[in-house]
Structure formats: structure tokens, C-alpha cells
Amino acid sequence: MGANVFDRAAGPTGPALPDGPGTATAGPGGPGGPGGRRTRRLLVRLLVLPLLAGLVPLLAVPAAAQAAAGCSGRPAKTVEFSTGELRVYKSRAQACAVTVAKKPGKRRTMSVTLQARGGRAVTDKGSYTKMAGPVTVSALNRCVRATGAIGRKSGSTGWILC
């Protein structure tokens, strides 16, 4: 009959695994005993944990956060117009705005402007395919207004978040 792969007296057959720190090579069971199992478990943990840690950020991002790249907070107001929409988000201390095209792909002039009451307006204007912005202003206990435009069509919020 063939030799058993894990012969308790002789240990595992095949190439010997190098002993890592903290493993017992002399003692009951030899390299195939409790010390060898600890080394294998440690190696598995060291290999698997970084892989799992890399997947966590991918699973934790909600779809709404991906849609308005760069804007954090909760959606406060959405204004639709014929070529796109203006989205305003509010966190505790900041307001953020983006203009998103209804039909992305073709490069065209887009802009988004956000202003807190008593402050300067912040604008992002250029030739974009999908989205203008994000622009943010400090809005702790302050009203804000936003305007978004795609081509010659635009939308505005008036003073909100008061």
C-alpha cells in the first residue's frame, strides 16, 4: 500500500516548509504538528486580509455618491432644464453643486455657479462632455443660490437652505 501523505511519525511528505518566527519545530508532531499549522494560518491571514481590505472601499460607495463625483452630503435640491439638471448637495458646513448633462458624450459649454449669501460666487465653466463642477462654498448657517447651464439652456435655484 502507498505511503500516507501525512504520516504522524514522519510529518508531511514532500518539501519541508521553512519555519517562521514563533513556530515550534521540536516538540510533539514536529513540523506537521501545531507549530506548522500556526505558520500556515499566519500565511493565509497575511495573504487574505489585504485582498479583503482592498474590496471594502469598492463595496461601501453608494450609487448616489458616484453619480455626483466630488459632492458629499445629502441632496438638497434638483432643478431640471431641457438639456440637463442642476444638483445641489448640503453637508453640515458646506454646499456643493454640479450641472449634469441629460445626454452625455458630445463636448459642449457647461457651467455651474454656487454662491453663499454674503460671499463670492464660485464658478466652473468650460467645454465638458458630462458634468460641470463640483463647486463648493462654506455654508454654515447661510443661504445659497446656484445656477447651472448647458449650451444656452439653464436652471437656477434662487436662495435655498435658509
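In this report, the structure presented in the accompanying data block is examined. Quick caveat, the model's predicted, so the values are computed rather than measured.

Thresholds, definitions, all that
Here the residue numbering is sequential within each chain, running from 1 through the sequence in written order. In keeping with the predicted nature of the model, local features appear solely for residues at pLDDT of at least 70, side-chain atom pairs appear and are counted solely at 80 or more, and the whole-chain, interface and lining totals rest on all residues. Here the side-chain values reflect all heavy atoms present in the structure, with hydrogen atoms and water set aside. What makes a nonpolar core is a set of buried Ala, Val, Leu, Ile, Met, Phe, Trp, Tyr and Cys residues whose side-chain atoms join them at distances within 4.5 Å. Residue burial is assigned from relative accessible area. The probe radius is 1.4 Å, only protein chains are included, and a residue is buried under 20% of its type maximum, exposed over 50%, and partly exposed in between. Secondary structure elements are taken from DSSP: a helix is a run of H or I of four residues or more, a strand is a run of E of two residues or more, and numbering for both begins at the N terminus. Two strands form a pair only when DSSP identifies at least two bridges running between them. Only the stretch in contact is used when a helix axis is fitted, and all axes are lines through C-alpha atoms; the angle between N-to-C directions ranges over 0 to 180 degrees.

Here's the deal with the nonpolar core
Line of reasoning, step 1. In terms of nonpolar packing, the biggest core is built from 19 residues, with Leu86, Ala97, Leu114 and Val144 touching the most fellow members.
Line of reasoning, step 2. Broken down by secondary-structure element, the contributors of at least two residues to this core are strand 3 (74–81), strand 4 (84–90), strand 5 (94–101), strand 6 (108–116), strand 8 (131–138) and strand 9 (144–150).
Line of reasoning, step 3. When residues of this core are assigned to their parent elements, the largest contribution, four residues, is made by strand 6.
Line of reasoning, step 4. Core analysis: the second largest hydrophobic core is formed by six residues, Tyr89, Val98, Val100 and Met131 among them.

What to know about the sheet that holds strand 8
Line of reasoning, step 1. Taken in spatial order, the four strands make up an open sheet running 3-4-5-8, and their pairing is antiparallel. Edge strands, defined here as strands with exactly one partner in the open sheet, are strand 3 and strand 8. Ignoring strand direction, the axes of neighbouring strands in this sheet form an average angle of 15°.
Line of reasoning, step 2. Two strands pair when backbone bridges link them, and strand 4 and strand 5 are joined in this way by seven bridges, in the antiparallel orientation. For lysine 90, the partnering residue across the bridge sits in strand 5 and is alanine 95.

Points about the sheet that holds strand 7 (residues 121–128)
Line of reasoning, step 1. Across the sheet, four strands lie side by side as 7-6-9-10; this open sheet has antiparallel pairing. Sheet topology places strand 7 and strand 10 (153–156) at the edges, where each strand pairs with a single neighbour. For this sheet the average axis-to-axis angle between neighbouring strands, irrespective of direction, equals 10°.
Line of reasoning, step 2. Relative to strand 9, strand 6 runs antiparallel, the two being bridged by seven bridges. What sits directly across from valine 112, in strand 9, is glycine 148.

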